[in-house]
Amino acid sequence: MWLCDAQRHFVRVRENQANPQPYFGFYSQGQPVLAHPPLIQGTFQHAISGQVASVPTALVHLHMDNLEPGHPQVNVLDSYFQPYFPKKSYHFSHLPFNLATEESLLTYERAAMDLTHSLSSFSRVVLLLTTHSDEERGDLFAGHLDDKPVAFKVSECLQVLFNPLTKIVQGADIIFYVCGSIVTVKHSFNDLKEAAHKFKPRSMILFDAQHLQLASTTPYLLSLLDSTIVQGFDVFQAAKFALNDCALLGRHSNIIIMWMSKGQGVHKVEKTMGRAFASSMPSCGTMQKWESGSAGEKRNIFLVTTYPL
């Protein structure tokens, strides 16, 4: 007789979604020992000591030099995910940039190429880009000259930032800690989509709040990245699930996710406030996810944009 842990059962359900099975807990020669599925009390929680992430993963904070916002939030993400990995299969680093002068640009390019080389064995990269954006033009601030900020068009800024990082940007998840004008200003958003086509990250995550409060994004990103990095779900599934953890963010900003797909289009998913459900269905013991209830007021519209491979 042996115990089938819940995580293993979830993996089996995910591999055979057309035929979900109840969770009996104890099995003998592949058959349930109990006559009926056990009643699961409470909800599932993560075990801090559990090592469940085996894919080498790098978390890189790409930020404008001398910019303070973003560091506390990124450090929270780092402290959360680091315990899931063996020492040599996890990397965390800061990569500052100032593209305003030739000398500082060369400094950044050298550092970026060195980082790209050092991360060549990491199959999963999460890149967090922190900078300011111009409220009216949607341009990105790329550095400072004589203590004055310098802004570039989105296409120019991302071209210079991502060129030396091309090998790790391709297939990476990129989170933009940037105010909303980058998506609300049409030509800036078009530049963003062109950059996605060129550099081919796995996903790009943005927020449209005019003055983005980074602290409000942390619960959502923790849930989203936990589902993708630790549990192995795809970005689109995880993005919908993480809406349950963003009540604070829902009062502040919409969320825009661009992800690689063979199709293209725009999908809208409405997050609603609902009551919590049990971990398993009492009638049959199936451990499928429950959809969010609709008992309360709608808090957030979640926008997902796909771009073709």
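Residues numbered from 1 in each chain as written. Predicted model: local features only at pLDDT ≥ 70, side-chain atom pairs only at ≥ 80, totals over all residues. Heavy atoms only, no water.

A. Broad picture of the overall build of the protein chain. Secondary structure summary: the protein chain contains 10 helices and 13 strands in total. A burial count over the protein chain gives 46% of its 309 residues as buried. Long-range pairs, those at least 24 residues apart, make up 75% of the contacts in the protein chain between residues at least 6 apart in sequence. Here the protein chain displays about 16,200 Å² of accessible surface, and carbon together with sulfur accounts for 53% of that area. (Helix = DSSP H or I, 4+ residues; strand = E, 2+ residues; numbered from the N terminus. Buried < 20%, exposed > 50% of the residue type's maximum accessible area, 1.4 Å probe, protein only. Contact = heavy atoms within 4.5 Å. Areas by Shrake-Rupley, 256 points an atom, 1.4 Å probe, with all protein chains shown as cover.)

B. Looking closely at the packing of aromatic side chains. Going through the model one piece at a time under the given rule, you end up with five aromatic pairs. When the centroid spacing of 6.0 Å and the interplanar angle of 55° are considered together, the rings of tyrosine 80 and tyrosine 84 count as tilted. What makes tyrosine 80 partly exposed here is its relative accessible area of 29%. Ring centres of phenylalanine 85 and tyrosine 90 lie 5.3 Å apart, and the angle between their planes is 25°; this geometry places the pair in the stacked category. Its relative accessible area of 5% is what places phenylalanine 85 among the buried residues. One aromatic cluster is present, built from ring pairs that chain together Tyr80, Phe81 and Tyr84. (Phe/Tyr/Trp six-rings, centres within 6.5 Å; stacked < 30°, edge-to-face > 60°.)

C. Quick peek at unusual backbone geometry. Positive phi is not limited to glycine here, since aspartate 147 has a value of about 65°. Within the secondary structure, aspartate 147 is located in the loop between β7 (140-145) and β8 (148-152). According to the relative accessible area criterion, aspartate 147 is exposed, its value standing at 76%.

D. Quick look at helix α8 (residues 218-230). Burial analysis of α8 places 12 of its 13 residues in the buried class, which makes it a mostly covered element. Inspection of α8 places Thr218, Tyr220, Leu221, Leu222, Ser223, Leu224, Leu225, Asp226, Ser227, Thr228, Ile229 and Val230 among the buried residues, and these make up the whole buried set. Glycine 232, located one to two residues past α8, shows a positive phi value of around 85°.

E. Fine view of the pairing of strand β9 (residues 173-177). Among the five residues in β9, five count as buried, and that is most of the element. Bridge count for β9 against strand β10 (residues 203-207) is three bridges, and the pairing is parallel. Residue aspartate 173 lies in a different strand from β10, and its bridge partner there is serine 203. (Pairing = 2+ DSSP bridges.)

F. Representation of the pattern of salt bridges within the structure. For the structure shown, the criterion picks out three salt bridges. Put simply, arginine 137 and aspartate 139 hold a salt bridge, and the shortest N to O gap is 2.9 Å. Classification of aspartate 139 by relative accessible area gives buried; the value is 9%. One salt bridge connects arginine 202 with aspartate 173, and the closest N-O pair in it is separated by 2.5 Å. With arginine 202 in the loop between α7 (186-199) and β10 and aspartate 173 in strand β9, this residue pair connects regions lying 29 residues apart in the sequence. Note on arginine 202: relative accessible area 27%, which makes it partly exposed. Taken together, the shared-partner salt bridges in this structure form one network comprising Asp134, Arg137 and Asp139. (Salt bridge = Lys/Arg side-chain N within 4 Å of Asp/Glu carboxyl O.)

G. Seen up close, the environment of alanine 111. Relative to the elements of secondary structure, alanine 111 occurs in helix α3 (residues 102-118). For the pair alanine 111 and proline 96, spaced 15 residues apart in sequence, the C-alpha separation works out to 9.0 Å.

H. The arrangement of the nonpolar core in detail. Leu62, Phe176 and Leu192 are the most contacted members of the largest nonpolar core, which totals 43 residues. Discounting chain neighbours no more than four positions away, the residues touching phenylalanine 176 are Leu129, Leu158, Ile182, Leu192, Met204, Ile205, Leu206 and Phe207. Core analysis: the next-biggest nonpolar cluster, separate from the first, contains 32 residues, Val74, Val126, Ala238 and Ala239 among them. (Core = buried A, V, L, I, M, F, W, Y, C linked by side-chain atoms within 4.5 Å.)

I. Highlighting the confidence of the model for the protein chain. Confidence along the protein chain averages 77 in pLDDT terms, with 72% of residues attaining 70 or more. No element of the protein chain has a lower mean pLDDT than strand β12 (residues 265-272), which averages 41, and none a higher one than α3, which averages 95. Overall, residues 47-51 carries pLDDT values under 50, and its contacts beyond four positions in sequence, including any with other chains, amount to four contacts. The model gives residues 286-302 a pLDDT under 50, and that stretch makes 63 contacts with residues more than four places away or in other chains. (pLDDT = per-residue confidence, 0-100.)

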